[in-house]
Structures are given as C-alpha cells and as structure tokens.
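# Commentary on secondary and tertiary structure
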Amino acid sequence: MKLERIAGARLPKWLLGDAWPAISGQPVLADLKLADGKVESVTPAAPGVQDGTWDVKGAPVLPGLVDAHTHLDKTFTLPRMRRVQPGLLGAIDAMMADRLGWTPADVHERASRALTWAYEAGCVQVRTHVDWWETDRAPVAWSVIAALADEWKDRIVLEQVSLIKLTLFQELAQARSFAAQVKATGQHARLGAFVHSVNWDAQALRHVFIAAGEAGLDVDLHVDEELNPLAEGLAETAGIMRDTGFSGRVVCGHTCSLAVQPQAQALATLDAVARLPITLVSLPATNLLLQDAVLGRTPRQRGLTLVKEARERGIPVMIASDNVQDPFCQTGSYDPVDALAAGVMAAQLDAPFDTWSQSLCRRDWLSRTPLAAPTLVGACADLVVFERADAWGWPSRAAHRTVLRAGVPLTLSDSRPLP
Ligand SMILES: [Zn+2]
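Residues numbered from 1 in each chain as written. Predicted model: local features only at pLDDT ≥ 70, side-chain atom pairs only at ≥ 80, totals over all residues. Heavy atoms only, no water.

### Brief notes about the overall build of the chain
When you go through the chain residue by residue, the secondary structure sums to 10 helices and 18 strands. Each principal axis of the C-alpha atoms in the chain carries an extent, and together these give about 65 × 50 × 50 Å. When the 419 residues of the chain are sorted by exposure, 57% land in the buried category. In the chain, the proportion of contacts linking residues at least 24 apart, taken out of those at least 6 apart, comes to 78%. Accessible surface for the chain amounts to roughly 17,000 Å². Of this, 53% is attributable to carbon and sulfur atoms. Averaging the locations of the 40 positively and 47 negatively charged side chains of the chain gives two centres separated by 1 Å. (Helix = DSSP H or I, 4+ residues; strand = E, 2+ residues; numbered from the N terminus. Buried < 20%, exposed > 50% of the residue type's maximum accessible area, 1.4 Å probe, protein only. Contact = heavy atoms within 4.5 Å. Areas by Shrake-Rupley, 256 points an atom, 1.4 Å probe, with all protein chains shown as cover. Lys, Arg positive; Asp, Glu negative; His and termini not counted. Charge placed at Lys NZ, Arg CZ, Asp CG, Glu CD.)

### Notes on the sheet that holds strand β16 (residues 383-385)
The antiparallel open sheet is built from four strands, whose spatial order is β7-β16-β17-β18. The outermost strands of the open sheet, each flanked by one partner alone, are β7 (61-63) and β18 (408-409). In terms of strand pairing, β7 meets β16 through three bridges, oriented antiparallel. If you follow V61 over to β16, its bridge partner there is V385. (Pairing = 2+ DSSP bridges.)

### Regarding helix α10 (residues 336-347)
Taking 1.5 Å per residue, 12 residues should reach 16 Å; α10 reaches 16 Å between its end C-alpha atoms and fits that length. Along α10, the residues that are buried comprise P336, V337, A339, L340, G343, V344, A346 and A347. The inward-facing, buried residues of α10 contact β8 (65-70), α2 (104-121), β9 (123-132), α8 (284-290), α9 (307-312) and β15 (317-319). Two residues or fewer after α10 comes Q348, characterised by a positive phi angle close to 50°. (Expected span 1.5 Å × (residues − 1).)

### Side note on the coordination of the zinc ion
Protein coordination of the zinc ion is provided by H69 (NE2), H71 (NE2), H222 (NE2) and D322 (OD), with donor distances spanning 2.1 to 2.4 Å. Coordination at the zinc ion is irregular: its four donor atoms span angles of 86 to 177° at the metal. Each donor residue of the zinc ion belongs to the same chain, and together they define the spacing H-x1-H-x150-H-x99-D. Taken together, the residues span a long stretch of sequence, with H69 in strand β8 and D322 in the loop between β15 and α10 at a distance of 253 residues. (Donors = N, O, S within 2.8 Å, 3.2 Å for Na, K, Ca; no water. Tetrahedral: all angles 85-135°; square planar, octahedral: opposite > 155°, others 65-115°.)

### Digging into the pairing of β9
A regular strand carries its side chains on alternate faces of the sheet. With 10 of 10 residues buried, β9 lies mostly within the body of the structure. As paired strands, β8 and β9 are joined by four bridges and run parallel to one another. Within β9, the residue paired with V66 across the bridge is Q125. Where β9 lies against strand β10 (residues 157-165), eight bridges are found, and the strand directions are parallel. Bridging across to β10, Q125 finds its partner in V157. With respect to chirality, the unit in which β9 leads through helix α3 (residues 140-151) into the neighbouring parallel β10 is right-handed. (Right-handed = clockwise from strand over helix to strand, strands pointing away.)

### Let's talk about the side chain of D224
Tracing the backbone through its elements, the reader meets D224 in the loop between β12 (219-223) and α6 (233-244). Here D224 sits buried without a salt bridge, and the closest side chain of opposite charge, R242, lies 14 Å off (N-O distance). (Salt bridge = Lys/Arg side-chain N within 4 Å of Asp/Glu carboxyl O.)

### Considerations on the packing of aromatic side chains
Inspection of every chain in the model, using the stated rule, returns nine aromatic pairs. Among the aromatic residues, those joined into a ring-pair cluster are W132, W142, F169 and F178. Positioned above the aromatic ring of W152 is the side chain of R155, whose terminal nitrogen or guanidinium carbon lies 3.8 Å from the ring centre. (Phe/Tyr/Trp six-rings, centres within 6.5 Å; stacked < 30°, edge-to-face > 60°. Lys NZ or Arg CZ within 6 Å of the ring centre and 35° of its normal.)

### With respect to the nonpolar core
With 121 residues, the main nonpolar core has L32, F169, F209 and W394 as its most contacted residues. Residues V66, V251, L283 and W365 belong to the second largest nonpolar core, which totals nine residues. (Core = buried A, V, L, I, M, F, W, Y, C linked by side-chain atoms within 4.5 Å.)

### Focus on the sheet that holds strand β4 (residues 30-35)
Taking strand neighbours across the sheet as the criterion, the four strands line up as β5-β4-β1-β6 in an open arrangement whose pairing is mixed. Taken across any chain shown, the strands that pair with only one partner, and hence form the sheet edges, are β5 (38-44) and β6 (53-55). For this sheet, the mean inter-axis angle between neighbouring strands, taken without regard to orientation, is 20°. Pairing of strand β1 (residues 5-9) with β4 involves three bridges; the strand directions are antiparallel. Looking across to β4, one finds that I6 is bridged to L32. (Axes fitted to C-alpha atoms, helices over the stretch in contact; angles between N-to-C directions.)

### Things to note about the environment of V182
Summarising the element assignment, V182 is placed in helix α4 (residues 172-185). Owing to a relative accessible area of 0%, V182 belongs among the buried residues under this scheme. If sequence neighbours within four positions are ignored, V182 has contacts with W132, W142, S162, A189, R190, L191 and L217.

### Description of the packing of α2 against α3
The geometry of α2 relative to α3 is characterised by a closest axis approach of 9 Å and an angle of 45° between their N-to-C directions. In terms of orientation, α2 and α3 fall into the oblique class. The element α2 and its partner α3 pack so that their crossing is right-handed. Taking contact as the criterion, the partners of P104, V107, H108, A111, S112 and L115 in α2 are, on α3, V140, A141, V144, I145, L148 and E151. For the contact of α2 with α3, a count of residues per class yields nine nonpolar, two polar and one charged. (Parallel < 35°, antiparallel > 145°, perpendicular 65-115°, else oblique. Left-handed = near helix turned anticlockwise from the far one by under 90°. Nonpolar A, V, L, I, M, F, W, Y, C, P; charged D, E, K, R; others polar.)

Structure, rendered in structure tokens:
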C-alpha cells in the first residue's frame, strides 16, 4: 500500500532549516506529501486529515538510516568461539583463529542475516570493512560482500572497505596492487587500512594515500583505536592529505586517542581535520567494551573520540554499530539507533533527536560532496517513523518503528493505524 501523505511528523531540526516555524523553540509538526515514491513537499502541519493520509500524531520521523561502519565478515561468529581475551588485541587473536574456517557460504549466510536486520531497522546504506591479510589475493569474504552488494542493491547500498594492516603498505608497489584490486571491485569499494601504534609506519600511511589518489579511490581508516596518547594516526593522516593534496573523502573511524591527549594537542588536530574532507565515525558500543578493558578491573575511561569538539568545528561525525556479535562485541543489532543510544550516554550528547540523529542519516557525509542544507523535498520517501517515541525522549522507545521504502510501509503499525 502506497501512502499519499504523512501528517503530523516531528522532523529533526537539522532537516528543517532555519526558516521552519517553531513554537517555544520546538519545530512545528510537518505534513509530507508523497508522490511516485518521493517526498514532493514538506509543509507545516495543517488541521484536518484527508484520505490517504497517515496521521502519525507527532511521532519522530527520520530519513532512511545509514550504518557507516560495520564488519559483516566477522559478524555472528561469537557462538563458535572459546574464551576471548579482553581488549582489542585479544579479539583480533580470536578472530584470526576463526577466519581460517571461513567459506563463501559461511560468510554469505552471516552477512545476509546482518543485512536483513539492518534493512528491518530502516537502513538504506551500510558500509562494511572486510579483513584483508593476504598480499597476493583478496580474502574469501571480499568477493562474497561484492556479490551481496549486487544482491541487495535495490534495498541497501552496501559499501565495502579493505581492512589491511598498515605494514602491508610498506612497499608502494604493493599499495598500488591493493588499490587496483579494490578499484576493480566497483564504485562501492574503498581503500582502507588498520592504523594503530602496534603497526605504526608513517611512510606506509603515505603510500595508502598515494595509491588511493592515483586510483581515484576514497579512503576509510581504522585509526587510533586505543587510549595511547602517542597514537597520532589522525594527525598524520591530516598532514599527509595536506602534503599530497588528496581530495577524495576520507573516513576515520574510532580516533579514540584524541580523548587522552593533552587538550591543546587534540584540538589542534581537530582544527587541521576541519580544513580537510575528513569524516569521523564514532563507534560507542565497541569502544566502551574494548577500550580500557582489563580482566577483573572496572574500566575508568570511555574510549570515545571528541565528538562534540569535532561537531563544533563543523567536522562530519557519524555514529555506527561496528562489530555485532563477534569477539569484539558480544551484543549489537545492526540498528544504528542502538549505537546512538550508547553514544548519548557515553558522550552525554545533547538533543539526540534534533541534532545527533543526523549522525545516523547523513549519507552525504560519506560522499565527496556533503550537502550544505539537507532536505527531504525531492528525496526518495525512505522514512523511519518511531511511533511509540517522542522527540524529547528519543532514542528511548525507538525500538518499535515503521519503515517506509519509496512510500510503502514494510510493516504495519498497530499503535497509530495506517489509513
Ligand atoms: Zn571497526
């Protein structure tokens, strides 16, 4: 059933623009006119409900969601693992043992389950990293994910990133070989690397950018996922981008070490980042679980990057799931709203719905051309209606929702009946 109109939608402030009317500082509700699977217009709510209208009575409504950082190759492996040592490096060891048994069918089944969950949550785009340890060929999961990107193309834009440890980029020729393989995979593929103080190599990082620049690839890094103040991968990334004139979009996930560096140093790095096409991605669930993790000891630190200081500088910040039900994170749901809920608590985020919900929706922040003023008008009517929540308490009570794709509900509402 196709809807013609949604009445009484509470849209977030970031989507409405400054001219939208407000009462007592709260944006007035919106009526969305839908046509041909798109949002034709967004206007302040008018009294009276017409035929073909779904009156959502003030329910929060967001555009389709983005999960900007996941690991579909590793997901759902936890049940078959034995004891996992705490912390990031312990999880990597457990994963290395498990991946020896991966087959295309195994990866396909687990990743498909993940995509189904993401789709049901309202995701229109998912970016996954794929572990890549080989120098002579792509790993088993790489081609499986590429096939899934095609299988799912009408439902989810699936992007894939090579997750290659930095030391494998020591030789420029090898870096170029990785870039060529990623480029050949398709436009949805990105060159990525794991940048950590255990494998730090500034020259290798430079090779990542030289190779990506030559191939016309965007870059997505796991960088400074540690509470070591000496980890300066992000600052070095900014320096290399400046030196090489790299102009593609660069996504930097984690960047936890900013939180433990001297304030002036961390803010100087963010100032440099703000002048470059860099998007940060914070992964609150895994960073709370894996940072400052020692057996038998309560963690003292949160492990999050400086999300507020980054946004103050206009740096795009996405919040994403990261690992789901694997040795890195035993919980998780592929619902980006759950990731944001963890971030609201861990980072004490103000106005989660009106401000921070854009960290789950801004697909343009992963692209080369971020929008100056995002709008629903003219966009595909891919919408998420949180029928049992309100804009004050969101993301509380956000689990129940109706997902619309091109104006068609995936599930039927029971609390605010559809027409
Ligand atoms: Zn990750």
